[in-house]
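Letter by letter, the chains look like this.
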Amino acid sequence: MEYTANNQRYSSMEYRRCGKSGLKLSALSLGLWHNFGYVDPLANCRAILLKAFDSGITHFDLANNYGQPSGSAEENFGRILKRDLHPYRDEIIISSKAGYYMWPGPYGEWGSKKYLVASINQSLKRMGVDYVDIFYHHRPDPDTPLEETMSALDLMVRQGKALYVGISNYQAEEAAKAFAILKGLGTPCLIHQPKYSMFVRWAEKDLLSLLEKDGVGCIPFSPLAQGLLTNKYLKEIPSDSRVARKLENGAMGEDAITDVAISKAQQLAKIADERGQTLAQMALAWILKDKRITSVLVGASKPEQITDSIKCLNNYNFSDEELKSIENILQG
Ligand SMILES: NC(=O)c1ccc[n+]([C@@H]2O[C@H](COP(=O)([O-])OP(=O)(O)OC[C@H]3O[C@@H](n4cnc5c(N)ncnc54)[C@H](OP(=O)(O)O)[C@@H]3O)[C@@H](O)[C@H]2O)c1
């Protein structure tokens, strides 16, 4: 059926300025790492994407290696864009990245200009677009000079293949160097994408304060700890879950479902319940309470999860008492 976007889509979503840039992002963004490859039913990919766009989510996060096989998430996204979302291209922020393994030989991963330029060209082709809105270096490269990697990002912007650039998985010290190089090149870093959730806290040490100081946005990935911070695993491992599906490509496995993690999730779920939220909603709200966060980058295997998660926006204020109880559980 032909798609027409919900005309109320901008009425309840919040849009946050990305660092000190002119760009605003929806407070929730949708990631296509899992559930959007050739192994996944295209009708479900489409339903999730359209539900997200109809709910005011304007930002879709991809990478060269997303989907099984690698690249298939970008191809499926391109299909849905062509069929349904094309009229809305100017209302959509498309992100892609390169850094992880994509093809054999010395130019198929990490951070050389050779790899990055080839990779963005491939991504544009797979998605059928002329440009991406944001292009990230996906992970730091210990061997390539940072100047070369950052100058490849700058080149993409000058060539009109990307509007903005970002970095992901960089620790604060190396991020600070990258920001300085990009600033010197005249292409300021728009955004940093770290792993950050109630269960993964390293960004709090010195990354978030650096981003605030340098006017760079922050979009935490895996804010639900891949599903651990939801009601999903509290009693058992459901057969349709990411863990039960035994996915490749870095997905959480059964070893992540530890007694400690489940006990913490069960205790957190009680606080969420008292707040009138699901655990997923509270886990997202807990991240969004920090004004330094531009957007939380969620994944979803069903459209209903988008509907559920988005309700975190109804309450992301926490009392001191709630924060203390949450901290006691997390540190326990
Ligand atoms: N830069 C990087 O290195 C990097 C690395 C990883 C991810 N990312 C990005 O971050 C995005 C999100 O990562 P993620 O998928 O790990 O995020 P996540 O939001 O922590 O986990 C998503 C999973 O949680 C479950 N879920 C989501 N909403 C739910 C709800 N309301 N109730 C119950 N369960 C719910 C679903 O699991 P089921 O599938 O079991 O239903 C879903 O697949 C990726 O798609 C990607 O764009 C970036």
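No experiment lies behind these values; they were computed from the predicted model shown.

1. A short note on the overall build of the protein chain
- In terms of helices and strands, the protein chain carries 10 helices and 10 strands.
- Radius of gyration (C-alpha) of the protein chain: 19 Å, near the 20 Å computed for a compact globule of 332 residues.
- A total of 332 residues make up the protein chain; the buried ones form 45% of that total.
- In the protein chain, the share of contacts with a sequence separation of at least 24, taken over all contacts with a separation of at least 6, comes to 76%.

2. Details of the site of the ligand
- Taken together, 29 residues lie around the ligand, and G31, W33, F221, L224 and G299 are the ones closest in.
- Elements that contribute at least two residues to the shell around the ligand include exactly β10 (296-298) and α9 (303-310).

3. So, the packing of helix α5 (residues 172-185) against helix α6 (residues 203-214)
- The interhelical angle for the contact between α5 and α6, taken along N-to-C directions, is 15 degrees, at an axis separation of 9 Å. Of the possible angle classes, the one that applies to α5 and α6 is roughly parallel. As for how α5 packs across α6, the hand of that crossing is right-handed. In this structure, α5 uses A172, A175, A176 and F179 to contact α6, whose residues at the interface are D206, L207, L210 and D214.

4. Focus: the sheet that holds strand β6 (residues 132-137)
- One open sheet holds the 8 strands; their spatial order is β9-β8-β7-β6-β5-β4-β3-β10, and the pairing between them is parallel. The sheet is open, and its two borders are formed by β9 (217-218) and β10, each paired with just one other strand.
- Where strand β5 (residues 93-98) lies against β6, 4 bridges are found, and the strand directions are parallel. Paired with S95 across the strands is I134, a residue of β6.

5. Points about unusual backbone geometry
- Residue Q68 is joined to P69 through a cis peptide bond whose omega torsion reads -5 degrees.
- Locating P69 in the fold gives a position in the loop between β4 (59-61) and α2 (72-85).
- Look at S222: it is not a glycine, yet its phi comes out positive at around 50 degrees.
- Within the element layout of this structure, S222 appears in the loop between β9 and α7 (259-274).
- Residue A225 is not a glycine yet carries a positive backbone phi of 50 degrees.
- On the secondary structure map, A225 appears in the loop between β9 and α7.
- By C-beta crowding, A225 is classed as partly exposed, having 19 other C-beta atoms within 10 Å.

6. Let's talk about the packing of α2 against helix α3 (residues 113-127)
- α3 packs onto α2 with a crossing angle of 40 degrees between their chain directions and a minimal axis gap of 7 Å. Judged by the angle between their axes, α2 and α3 are oblique. Of the residues in α3, those in contact with E74, E75, F77, G78 and L81 of α2 are S123, R126 and M127.
- Looking at the contact of α2 with α3 residue by residue, the classes come out as 3 nonpolar, 2 polar and 3 charged.

7. Notes on the pairing of strand β7 (residues 162-168)
- The buried fraction of β7 amounts to 6 of the 7 residues, a majority that puts the element mostly inside the structure.
- With 5 bridges connecting them, β6 and β7 associate as parallel partners. Residue Y136 lies in a different strand from β7, and its bridge partner there is G166.
- At this point the chain moves from β6, through helix α4 (residues 146-158), to the parallel β7, and the crossover so formed is right-handed.
- Note: β7 against strand β8 (residues 189-193), 4 bridges, orientation parallel. Within the sheet, the bridge partner assigned to V165 lies in β8 and is C189.

8. Some points on the nonpolar core
- Among the nonpolar cores identified, the biggest contains 88 residues, and I134, F135, V165, L229, L279 and A283 are the most heavily contacted of them.
- In terms of residue count, the dominant contributor to this core is helix α8 (residues 279-288) (9 residues).
- In contact with L229, other than residues within four places in its own chain, are S197, M198, F199, L224, A265, L279, A280 and A283.

9. Overview of the pairing of β8
- With 5 of 5 residues buried, β8 is to be regarded as a mostly interior element.
- For the segment spanning β7, α5 and β8, crossover handedness is right-handed.
- Assessed by its sense of winding, the connection that carries the chain from β8 through α6 to β9 is right-handed.

10. Describing the environment of C45
- On the secondary structure map, C45 appears in helix α1 (residues 42-54).
- Judged by the 21 C-beta atoms lying within 10 Å of it, C45 falls in the buried class.
- Between the C-alpha atom of C45 and that of S301, which follows or precedes it by 256 residues, the distance is 8.2 Å.
- Among all residues touching C45, those that are not within four sequence positions of it are N35, F36, D40, N76 and I80.

11. Considerations on the environment of G215
- Secondary-structure assignment places G215 in the loop between α6 and β9.
- You can call G215 partly exposed: it has 16 C-beta atoms within 10 Å.
- Each C-alpha atom of the pair G215 and R292 lies 9.4 Å from the other, and the pair is 77 residues apart in sequence.
- Among residues more than four places away in sequence, those in contact with G215 are G19 and K20.

Calculation criteria
- Residues numbered from 1 in each chain as written.
- Predicted model: local features only at pLDDT ≥ 70, side-chain atom pairs only at ≥ 80, totals over all residues.
- Helix = DSSP H or I, 4+ residues; strand = E, 2+ residues; numbered from the N terminus.
- Rg over C-alpha atoms; globule rule 2.2 N^0.38 Å.
- Buried ≥ 20, exposed ≤ 12 C-beta atoms within 10 Å, placed from the backbone.
- Contact = placed C-beta atoms within 7 Å.
- Near = placed C-beta within 6 Å.
- Axes fitted to C-alpha atoms, helices over the stretch in contact; angles between N-to-C directions.
- Parallel < 35°, antiparallel > 145°, perpendicular 65-115°, else oblique.
- Left-handed = near helix turned anticlockwise from the far one by under 90°.
- Pairing = 2+ DSSP bridges.
- Nonpolar A, V, L, I, M, F, W, Y, C, P; charged D, E, K, R; others polar.
- Right-handed = clockwise from strand over helix to strand, strands pointing away.
- Core = buried A, V, L, I, M, F, W, Y, C linked by C-beta atoms within 7 Å.

So yeah, pure geometry; function would need other evidence.
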